Amino acid sequence: MNRLRPALEEALAAEREELLESLRRLGVADERVLEAIGRVPREQFVPEAFQDRAYRNLALPIGHQQTISQPWVVARMTEALEVTDRTKVLEVGTGCGYQSVVLSLLCRRLYTIERHKGLKDEAERRFRHFGLTNITTHLGDGSLGWPEQAPFERIIVTAAAEDIPPVLLSQLAEGGIMIVPVGSQASDGEQRLYRVDKGPLGLEIEDMGEVRFVPLVAGVAAPA
Ligand code: SAH
C-alpha cells in the first residue's frame, strides 16, 4: 500500500483551490469555466511522475513528445470559445483529453481528432472512466477537419498551425468562433493565439497574445 497517497491527494485538493484562485487573478472571469476546471482531476491526465505538479500552472509532458497545456491557457481558450449546452464543437489535437473533458462539461457535443493512436486510446479510456457520453473521438489528421460532421459552431485547435487553416474555416458555421494558435514551428519562434469570429460579412480576428504549442503536423503518426 502506498501510504504517501492520501497526503498527495490532500495536497492536490488544496492546490486545486489555489489554482482556481490564481486563474481568477489572471483574469479568468467565467465562473462556468472555472467550475468545470475545478471538477476535472488534472492529475489523472499526466504520467505518475508529474502528478504532484498537476495543479501548478505548467504545461507537462504526456508522452509522444506532446504536452498537456498550461491550465491558464486551457481556461482562456475555453472562455474565449463561449460554448453553451447547445454548442457543437470540434477540437483538433485531443492529446491527453484534458481540454476535451473541460469542454465536454460545458458544450452539447464535442468531436475531437488526434493523430497519435496511443494518445487517442488513452484519452478515450479517460472519457469512459468519467462516464462522458458527449465526446466522439477520431484518429486522423485534424488539419482536414471532420467534413462528415461539419459545420461546427466552435472549433478549437490545440497545436500551432502555420496559418489559420482554411479547411477548418470552411467547416466553421456562420456566427461561429475558432480559437487557434498560429506561428512558427521552430522552438524559439513566436506563436500567437487567435480568436476568429466568422460573421456574415467576413472574418474578425482578435490577437489573444503570445503562446507556445507543439506543432500541428499533417497525417497520422506512425505507430510507436
Ligand atoms: N488539448 C490537449 C493538448 C495536446 S497537445 C490536452 O489537453 O492535452 C496537441 C496535440 O495535437 C498533440 O497530442 C498532437 O499529437 C496533436 N496533433 C498535432 N497535429 C495534429 C493533427 N494534424 N491532427 C490531429 N492531432 C494533431
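About the thresholds
- Residues numbered from 1 in each chain as written.
- Predicted model: local features only at pLDDT ≥ 70, side-chain atom pairs only at ≥ 80, totals over all residues.
- Heavy atoms only, no water.
- Helix = DSSP H or I, 4+ residues; strand = E, 2+ residues; numbered from the N terminus.
- Buried < 20%, exposed > 50% of the residue type's maximum accessible area, 1.4 Å probe, protein only.
- Contact = heavy atoms within 4.5 Å.
- Areas by Shrake-Rupley, 256 points an atom, 1.4 Å probe, with all protein chains shown as cover.
- Pairing = 2+ DSSP bridges.
- Near = heavy atom within 4 Å.
- Polar contact = N/O pair within 3.5 Å; in protein donor to acceptor, adjacent residues only side chain to side chain.
- Expected span 1.5 Å × (residues − 1).
- Arc of directions from axis to C-beta.
- 1 Å grid on protein atoms, 1.4 Å probe; cavity = no way out; pocket = protein on both sides within 12 Å on 5 of 7 lines; lining within 4 Å.
- Points joined across faces, edges and corners; volume = space filled by probe spheres on them.
- Core = buried A, V, L, I, M, F, W, Y, C linked by side-chain atoms within 4.5 Å.
- Nonpolar A, V, L, I, M, F, W, Y, C, P; charged D, E, K, R; others polar.
- Phe/Tyr/Trp six-rings, centres within 6.5 Å; stacked < 30°, edge-to-face > 60°.

Asker: Tell me about the overall build of the protein chain, residues and numbers included.
Answerer: Regarding its fold elements, the protein chain presents six helices and nine strands. With the C-alpha coordinates aligned to their principal axes, the bounding extent of the protein chain is approximately 60 × 40 × 40 Å. Here the protein chain holds 224 residues, and 50% of them are scored as buried. Long-range pairs, those at least 24 residues apart, make up 54% of the contacts in the protein chain between residues at least 6 apart in sequence. Of the roughly 11,100 Å² that the protein chain leaves accessible, carbon and sulfur atoms contribute 51%.

Asker: I'd love a proper account of the pairing of strand β1 (residues 60-63), names of residues and values included.
Answerer: Both β1 and strand β2 (residues 66-68) contribute to a ladder of three bridges, which runs antiparallel. Bridge assignment links G63 to a residue of β2, and that residue is Q66. Hairpin connection between β1 and β2: a loop of two residues separates the two successive antiparallel strands, and H64 in this loop has a positive phi of roughly 55 degrees.

Asker: I'd like a description of the site of the ligand, backed by residues and values.
Answerer: Surveying the vicinity of the ligand reveals 25 residues, the closest of which are C96, E114, D141, G142 and V217. The backbone of C96 places a nitrogen or oxygen atom 3.2 Å from an oxygen atom of the ligand. Expressed as a share of its isolated accessible area of 580 Å², the protein-covered part of the ligand is 99%. Elements represented by at least two residues in the shell around the ligand include exactly β2, α4 (98-104) and β4 (109-114).

Asker: An account of helix α5 (residues 117-129) is needed here, citing residue identities and associated values.
Answerer: Helix length check: α5, at 13 residues, gives a terminal C-alpha distance of 18 Å against a target of 18 Å (1.5 Å per residue), a fit within 8%. Along α5, the residues classified as buried are L119, K120, A123, R126 and F127. One face of α5 carries all of its buried residues, which in axial projection span an arc of 125 degrees. Away from its buried face by more than 90 degrees, α5 exposes R128 and H129. Residues of α5 that are buried in the fold lie against β1, β2, α4, β4 and β5 (135-139).

Asker: I'd like a description of empty space enclosed by the protein, backed by residues and values.
Answerer: Tallied over the full model, the rule gives one cavity of 30 Å³ or more. As a volume, the largest cavity reaches approximately 30 Å³. In terms of lining, the largest cavity is formed by D30, R32, V33, T78, E79, E82, V83 and L106. Within the residue set of the lining of the largest cavity, elements represented by two or more residues are α2 (31-39) and α3 (71-81).

Asker: Can you tell me about the nonpolar core, naming the residues and giving the values?
Answerer: Considering soluble globular proteins, one finds that nonpolar side chains tend to be buried as a cluster. Core analysis: the largest hydrophobic core is formed by 46 residues, its most contacted members being L23, I37, I68, L81, V89, Y98 and I179. Mapped by element, the contributors of at least two residues to this core are α1 (4-25), α2, β1, α3, α4, α5, β7 (172-183) and β9 (202-211). Counting residues per element, this core draws most heavily on α3, which supplies six residues. When neighbours within four sequence positions are excluded, L23 is seen to be in contact with V28, L34, I37, P71, W72 and A75. Of all hydrophobic cores here, the second largest spans 17 residues; its members include L90, F152, V180 and V182.

Asker: A description of the environment of D30 should follow, citing residues and the corresponding values.
Answerer: Tracing the chain through its elements places D30 in the loop between α1 and α2. We classify D30 as partly exposed; its relative accessible area is 24%. Within the structure, the side chain of D30 is placed 2.9 Å from the backbone nitrogen of R32, a separation counted as a polar contact.

Asker: Can you break down the layout of surface pockets residue by residue, with the values?
Answerer: Taken as a whole, the largest pocket holds about 550 Å³ of empty space. For the largest pocket, the lining is made up of 39 residues, of which Q66, T67, T158, A159 and V214 are closest to its centre. At the level of secondary structure, the elements contributing two or more residues to the lining of the largest pocket comprise β2, α3, β3 (88-92), α4, β4 and β9. Among the elements that line the lining of the largest pocket, the one with the most residues is α3, at four residues. When its residues are assigned to classes, the lining of the largest pocket shows 18 nonpolar, 14 polar and seven charged.

Asker: Quick rundown of the packing of aromatic side chains? Include the residues and the values.
Answerer: A full pass over the atoms with the stated rule returns four aromatic pairs. Measuring from ring centre to ring centre gives 5.3 Å for Y111 and W146, while their planes differ by 80 degrees; the resulting arrangement is edge-to-face. With Y111 in strand β4 and W146 in the loop between β5 and β6 (152-157), this pair connects stretches of sequence that are 35 residues apart. Look at Y111 and you get buried, because its relative accessible area is 9%. Residue class for W146 comes out buried when judged on its relative accessible area of 10%. Ring geometry for Y111 and F152: centres 5.8 Å apart, planes at 65 degrees, overall edge-to-face. Residue Y111 is located in strand β4, and its partner F152 is located in strand β6; the two are separated by 41 residues in the primary sequence.

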